[in-house]
Amino acid sequence: MKRINKTLLLISVSMVCLQAMGQKFTASFTTAGSGDFSGRVLLYLSKESKSPKDDMPGVFSFPCFSIDVKDVKPGQKVVFDDAAVSYPAALSDIERGIYYAQVVWDRNEGGRAIGGSPGNMYNKAIVASITKDRTKSFDIVCSEVIKEASFTETQFVKELKSPSALLTAFYKRATSVNAAVILPKEYFSQPNRKFPVLYWVSGYGGDYHNYSGRNITSDPIDTTQCIRVFLDGNCPGGHSVYANSDNNGPWGDALTKELIPLVEKTYRTNAARLLTGHSSGGWTVLWLQTHYPKVFNACWSSSPDPVDFRSFQQVDLYREKNLYYAKDSTMHMAATVAGRYPWISQKIMCSMEHVIYRGEQMHSFNFVFSTRNPDGTPRGMWNDVTGEIDPVIVEHWKNYDICLYLKNNWQQVKPDLQGKIRVSVGEQDNFLLNYAVHLLDGEMKKVDAGFVFGYYPGDHFTVSTPEYKSAGHRFLEQKYNELGIKN
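Reading the values: rules and limits
- Residues numbered from 1 in each chain as written.
- Predicted model: local features only at pLDDT ≥ 70, side-chain atom pairs only at ≥ 80, totals over all residues.
- Heavy atoms only, no water.
- Axes fitted to C-alpha atoms, helices over the stretch in contact; angles between N-to-C directions.
- Helix = DSSP H or I, 4+ residues; strand = E, 2+ residues; numbered from the N terminus.
- Parallel < 35°, antiparallel > 145°, perpendicular 65-115°, else oblique.
- Contact = heavy atoms within 4.5 Å.
- Nonpolar A, V, L, I, M, F, W, Y, C, P; charged D, E, K, R; others polar.
- Salt bridge = Lys/Arg side-chain N within 4 Å of Asp/Glu carboxyl O.
- Buried < 20%, exposed > 50% of the residue type's maximum accessible area, 1.4 Å probe, protein only.
- Pairing = 2+ DSSP bridges.

Draft legend 1. View of the packing of helix α5 (residues 280–291) against helix α9 (residues 402–417). At a minimum axis distance of 9 Å, the contact between α5 and α9 shows a crossing angle of 50°. Classified by the interaxial angle, the pair formed by α5 and α9 is oblique. Along the contact surface, α5 presents Trp283, Leu286, Trp287, Gln289, Thr290 and His291, while α9 presents Ile402, Tyr405, Leu406 and Leu417. Residues belonging to the contact of α5 with α9 are distributed by class as follows: seven nonpolar, three polar and no charged.

Here you go:
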């Protein structure tokens, strides 16, 4: 027994010594007037990118680390060591080499990506040469603050900010639903004319500020001139998809009850409301059309995020046990090349996002679909370390399974939805989204929903050919003409 105790003592002493000799980064901030900081601090390292904080986890694989701190004062140092939440390994165990290094202090004041959220403090990247000498410590001082993006209006492109009482009550800070409004040239040349509105929702990572300063006019819906309202869906949890949720708040109600009335008060509209979007935007418009069928007249959903959770990127959430591994131990993919060749595994993407923790693609699903923990974070549908699927949370996710919703409620929604929806997708979709679309197609044929489905050659990015877009716009124009509104 004494010999065992001595052995345990030696092991404990050795571990303490190794920890003391472990690789470290220290970080502080100097921003005047910022006050004490409580929250998450992140360290990004990259051998290639000179601004690693701006790289997308999963799409780019790079070491990242996070720590939670409380009441840190300006000038006070915090330490990243082997106790930090890490990817792909503890700080002492990452590959040696020369890295660009950045630290971000996340105030979580409303922005989506941590590396670009207004109010967050960061440093211009330093160069850190990480060698076999693990006793060397690197000191980073953060003196930069990410500023709120500005928007420059032009004759045809306007910014619209709709103050939201609903979201302000949820976040307990002033919150608005924002958009870029793009007008047709006829808006000014025909001052008595009213126009239909096409609500156009971007995919994950889009930003309405991309239209700032652009001297462009709205493209027609096939041949019908319209006002386009560009929505990006950005929120602290990722893409809100304009769905009411436990973690993001009532984005669907804020859009339909607050922003849309403001659009129609501010601009000359004729009461026609149409929807289109791609990727996460494609899922958004399908959700809005099916859950607010009296608000919108028709939608064209392009390459939507999983619309049937029997194929959540080819994982059957109702039968499978693990998001990372199939029954034969092969890895599930989050992204592929041409729908076939492995690109990004679910394990790598989710493991990186476990460090970053908010605003990124996979965990964006948790923010929308999952229940809320007592500490305000979403309860994950999967275990970030093992990939094990939580069946309790899957039950809550069922509320957002669009195919399941339509199957269970078709007779109630049929009068307002019959024939109003078009869904199209590339058969080589990088994110394997075409499989869920086929499942939805099959179920809608069973109830004779009158939905139109289109399948095209191409992946998530190359599918949008002139032929593909023309078919979608013709569908929307046809549904608009059926309303019988005179321009």
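Draft legend 2. Fine view of the pattern of salt bridges. Scanning the entire structure with this criterion turns up 15 salt bridges. Ionic pairing is found between Glu395 and Lys398, a salt bridge with its closest N-O pair at 3.0 Å. For Glu395, a relative accessible area of 48% translates into the label partly exposed. Between Glu443 and Lys446 there is a salt bridge, with its nearest N and O atoms 3.4 Å apart. Placement of both Glu443 and Lys446 in helix α10 (residues 434–446) is noted, with a separation of three residues, approximately one turn of the helix. When its relative accessible area of 11% is taken as the criterion, Glu443 is described as buried. Here the salt bridges share partners, and the residues they tie into one network are Asp308, Arg310, Glu443 and Lys446.

Draft legend 3. Main features of the pairing of strand β9 (residues 137–142). Residues Phe138, Ile140 and Cys142 of β9 are buried on one face, while the alternating residues Ser137, Asp139 and Val141, pointing to the opposite face, are not. The sheet contact formed by strand β1 (residues 24–29) and β9 spans six bridges and is parallel. By the bridge assignment, Phe29 is partnered in β9 with Cys142.

Draft legend 4. Main features of the sheet that holds β9. Read across the sheet, three strands follow the order β4-β1-β9 without closing on themselves; strand pairing throughout is mixed. At either end of the open sheet lies a strand with only one pairing partner, and these are β4 (78–80) and β9. Within this sheet the neighbouring strands show an average axis-to-axis angle of 25°, counted without direction.

Draft legend 5. Representation of unusual backbone geometry. A cis amide bond links Tyr87 to the next residue, Pro88, at an omega of 0°. Its location among the elements puts Pro88 in the loop between β5 (85–87) and β6 (97–106). Phi at Ala338 takes a positive value of approximately 60°, unusual for a residue other than glycine. Residue position: Ala338 is located in the loop between β21 (333–337) and β22 (341–345).

Draft legend 6. Highlighting the pairing of strand β20 (residues 298–302). Counted residue by residue, β20 has five buried out of five residues, so it is predominantly covered. Looking at chain direction, strand β19 (residues 269–278) and β20 are connected through five bridges and run parallel. When the sheet's bridge partners are listed, Gly277 is paired in β20 with Ser301.

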